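Residues per chain are reported as follows:
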Amino acid sequence: MAKIRLGFAPTRRSIFSAPDALKYRGLTADRLRDFLAVCNVVRTFRNIRILQIGPRPFDFWSTMCNEGELLERFHIQLSPIPLPELTAEVKKAIAEKTQVERTIAYCREQMEICVSEQQLQNVAGLAVAMERLIQKYHCSAGAIQCWNALQDELGIMPCAANALLNDKGIPIVCETDIHGAVTALLAEAAANDGTRGFFADWTIRHPDIENGELLQHCGPWPLSVAGCRPSITYPLAFDYPGAITAEARHGELTLCRFDGDNGEYSLLLGNARGVDGPKGMGTYLWIEVENIKRLEAKIVEGPYIHHCVGIHKNVVPVLYEACKYIGIKPDLYDPIEEQVKAYLRGE
């Protein structure tokens, strides 16, 4: 197994201040932060346990995963629970009141509420229940069967509850996408500063920008990525409430996706930026990349699917370097590999 080295041996004493000492050894503060971020990605990847709440929805063949292979090759563990265990925990949380009432108060403070009192209570109860189950099974992320059985039991979509946990640094992804949960953990570990990622669908081309694309999901993105005051309301494609509507803020982005096929695992990654576009529903962001056709070819040809994770920070070099130590292939969708390598060499 390759080891990550700083490139110098520590001394017992130094006459330099910390920044001067780093420069003396050829290491800037930014390079040290990158090194620590790479270490954080490796540590995170080697200690992943995901709460799998229900099986994947029937039609989502693309979110299948090889649980045995993930465990044997990467020590990625799943903790599967049935939906009735979740709904029982929701009812328990609501009956106990305290945590649910605090969550409701937080929702009122942070968002516009466009659902009924009972529906808001169920959203809060679901958020509290999922966090309890994450703690009970010692998990770092979750993947939930977000439709349709859950709506019949609770009368809500889980999106807003997912968003509340996502904002706490507990990624909860949709449609039981285990690889999506892995991706979310890697992206936030690479940021290593509390920046939250968002789990999105690739959807449609921008009507005016040649290399533009819409990233969207029913409403599970963290509140901290919003560029406006979010609302809890109805999603675009479902009759049940409980989804957040908010456009994410613009700016620099990294987009990534961990996936595998026939035993070969890779991490799609590259840069993008948020741009203006038509108003949407759910949580959404119009983005622009260097060459959308080149990116689409990667998604269509696989092993990647219709999901990705975005994060408001350039963590491409950190993720690229971390791939070396976690045993997966970095797959850049733009031809910037030499630039990334030069950056990592400190050039």
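*Asks:* Whenever I open this one, the overall build of the chain confuses me. Can you help?
*Replies:* A tally of regular secondary structure across the chain gives 12 helices and 14 strands. Relative to the compact-globule value of 20 Å for 347 residues, the chain shows a C-alpha radius of gyration of 21 Å, a close match. Taken over the C-alpha atoms alone, the chain extends approximately 60 × 50 × 40 Å along its principal axes. Taking contacts inside the chain between residues at least 6 apart in sequence as the whole, the part at least 24 apart equals 76%. Surface summary for the chain: the accessible area is close to 16,100 Å², and the carbon and sulfur share equals 51%. Side-chain charges in the chain split into 36 positive and 43 negative, and the spacing between the mean points of these groups amounts to 10 Å.

*Asks:* Explanation requested: the confidence of the model for the chain in the structure shown.
*Replies:* Low-pLDDT portions of the prediction should not be read for the details of their coordinates. The predicted model of the chain averages 91 in pLDDT, with 92% of residues at 70 or higher. Here residues 1-24 scores under 50 on pLDDT; set against residues more than four positions off or in separate chains, the count is 23 contacts.

*Asks:* Honestly, the pattern of salt bridges in this entry has me stumped. Any pointers?
*Replies:* Side-chain pairs of opposite charge can arise whenever the charged atoms involved come near each other. Counted under the stated rule, the structure contains 20 salt bridges. One salt bridge connects Glu131 with Lys168, and the closest N-O pair in it is separated by 2.8 Å. Taken as a pair, Glu131 in helix α6 (residues 117-136) and Lys168 in the loop between α8 (159-166) and β5 (172-173) lie far apart in primary sequence, 37 residues in all. Judged by its relative accessible area of 52%, Lys168 falls in the exposed class. Note that Arg294 is salt-bridged to Glu290, the shortest N-O span being 2.9 Å. What makes Arg294 partly exposed here is its relative accessible area of 27%. Linked by salt bridges that have partners in common, Glu89, Glu96 and Arg132 make up one network.

*Asks:* Explanation requested: the packing of aromatic side chains in the structure shown.
*Replies:* Using the criterion set out here, one finds seven aromatic pairs in the structure. On the basis of an interplanar angle of 65 degrees and a centroid distance of 5.3 Å, the ring pair of Phe45 and Phe74 is categorised as edge-to-face. Of this pair, Phe45 sits in helix α2 (residues 29-45) while Phe74 sits in helix α3 (residues 67-74), placing them 29 residues apart in sequence. This pair shows no difference in class: Phe45 is buried, exactly as Phe74 is.

*Asks:* How should the side chain of Thr103 be read in this particular structure?
*Replies:* By the element assignment, Thr103 lies in helix α5 (residues 98-110). Of note is the side chain of Thr103, whose polar atom sits 2.9 Å from the backbone oxygen of Gln99.

*Asks:* When you look at the packing of α2 against helix α11 (residues 316-326) in this model, what are you seeing that I'm missing?
*Replies:* Relative orientation and spacing of two packed helices are given, respectively, by the angle between their axes and the distance between those axes. Look at α2 against α11: their axes get within 9 Å of each other, and the N-to-C directions meet at 45 degrees. The angle between α2 and α11 places the two elements in the oblique class. For the pair α2 and α11, the sense of crossing is right-handed. In contact with Asp34, Ala37, Val38, Val41, Val42 and Phe45 of α2, α11 contributes Val318, Leu319, Glu321, Ala322, Tyr325 and Ile326. Residues of the contact of α2 with α11, tallied by class, amount to 10 nonpolar, no polar and two charged.

*Asks:* How should I be thinking about empty space enclosed by the protein in this particular structure?
*Replies:* Once rolled over the atoms, a probe with the size of a water molecule shows which space is left empty. Here the structure, examined in full by the defined rule, presents two cavities of 30 Å³ or more. In this structure, the largest cavity spans a volume of roughly 100 Å³. If you trace the largest cavity, you find it lined by Asn166, Pro171, Ile172, Val173, Ala184, Glu188, Gly197, Phe198, Phe199, Pro220, Trp221 and Pro222. Of all elements in the fold, only β5, α9 (178-191) and β6 (197-205) reach the threshold of two or more residues within the lining of the largest cavity. With three residues, the single largest contributor to the lining of the largest cavity is β6. Partitioning the lining of the largest cavity into residue classes produces nine nonpolar, two polar and one charged. Roughly 40 Å³ of volume is contained in the second largest cavity. Lining of the second largest cavity is provided by Trp221, Pro222, Leu223, Val225, Ala226, Pro230, Ile244, Ala246, Glu247, Ala248 and Thr283. A per-element tally of the lining of the second largest cavity places strand β9 (residues 243-247) first, with three residues. Of the residues assigned to the lining of the second largest cavity, the class counts are nine nonpolar, one polar and one charged.

*Asks:* I tried to follow the environment of His307 on my own but got confused; where do I start?
*Replies:* Here His307 shows up in strand β13 (residues 307-311). Residue His307 is classed as buried on the basis of its relative accessible area, which comes to 0%. Put simply, His307 and Ala105 are 202 residues apart on the chain and 32 Å apart in space, counted from C-alpha to C-alpha. Among the polar contacts made by the side chain of His307, one reaches the side chain of Asp201 at a distance of 3.1 Å. Looking at His307, its side chain comes within polar contact range of the side chain of His306, at 3.0 Å.

*Asks:* Which parts of the structure should I look at to understand the environment of Val173?
*Replies:* Mapped onto the elements of the fold, Val173 is located in strand β5. The sequence separation of Val173 and Ile287 amounts to 114 residues, and the corresponding C-alpha distance is 21 Å. Discounting residues that sit within four places of it in the chain, Val173 has contacts with Gly142, Ala143, Ile144, Gly180, Ala181 and Phe199.

Scoring rules and cut-offs
- Residues numbered from 1 in each chain as written.
- Predicted model: local features only at pLDDT ≥ 70, side-chain atom pairs only at ≥ 80, totals over all residues.
- Heavy atoms only, no water.
- Helix = DSSP H or I, 4+ residues; strand = E, 2+ residues; numbered from the N terminus.
- Rg over C-alpha atoms; globule rule 2.2 N^0.38 Å.
- Contact = heavy atoms within 4.5 Å.
- Areas by Shrake-Rupley, 256 points an atom, 1.4 Å probe, with all protein chains shown as cover.
- Lys, Arg positive; Asp, Glu negative; His and termini not counted.
- Charge placed at Lys NZ, Arg CZ, Asp CG, Glu CD.
- pLDDT = per-residue confidence, 0-100.
- Salt bridge = Lys/Arg side-chain N within 4 Å of Asp/Glu carboxyl O.
- Buried < 20%, exposed > 50% of the residue type's maximum accessible area, 1.4 Å probe, protein only.
- Phe/Tyr/Trp six-rings, centres within 6.5 Å; stacked < 30°, edge-to-face > 60°.
- Polar contact = N/O pair within 3.5 Å; in protein donor to acceptor, adjacent residues only side chain to side chain.
- Axes fitted to C-alpha atoms, helices over the stretch in contact; angles between N-to-C directions.
- Parallel < 35°, antiparallel > 145°, perpendicular 65-115°, else oblique.
- Left-handed = near helix turned anticlockwise from the far one by under 90°.
- Nonpolar A, V, L, I, M, F, W, Y, C, P; charged D, E, K, R; others polar.
- 1 Å grid on protein atoms, 1.4 Å probe; cavity = no way out; pocket = protein on both sides within 12 Å on 5 of 7 lines; lining within 4 Å.
- Points joined across faces, edges and corners; volume = space filled by probe spheres on them.

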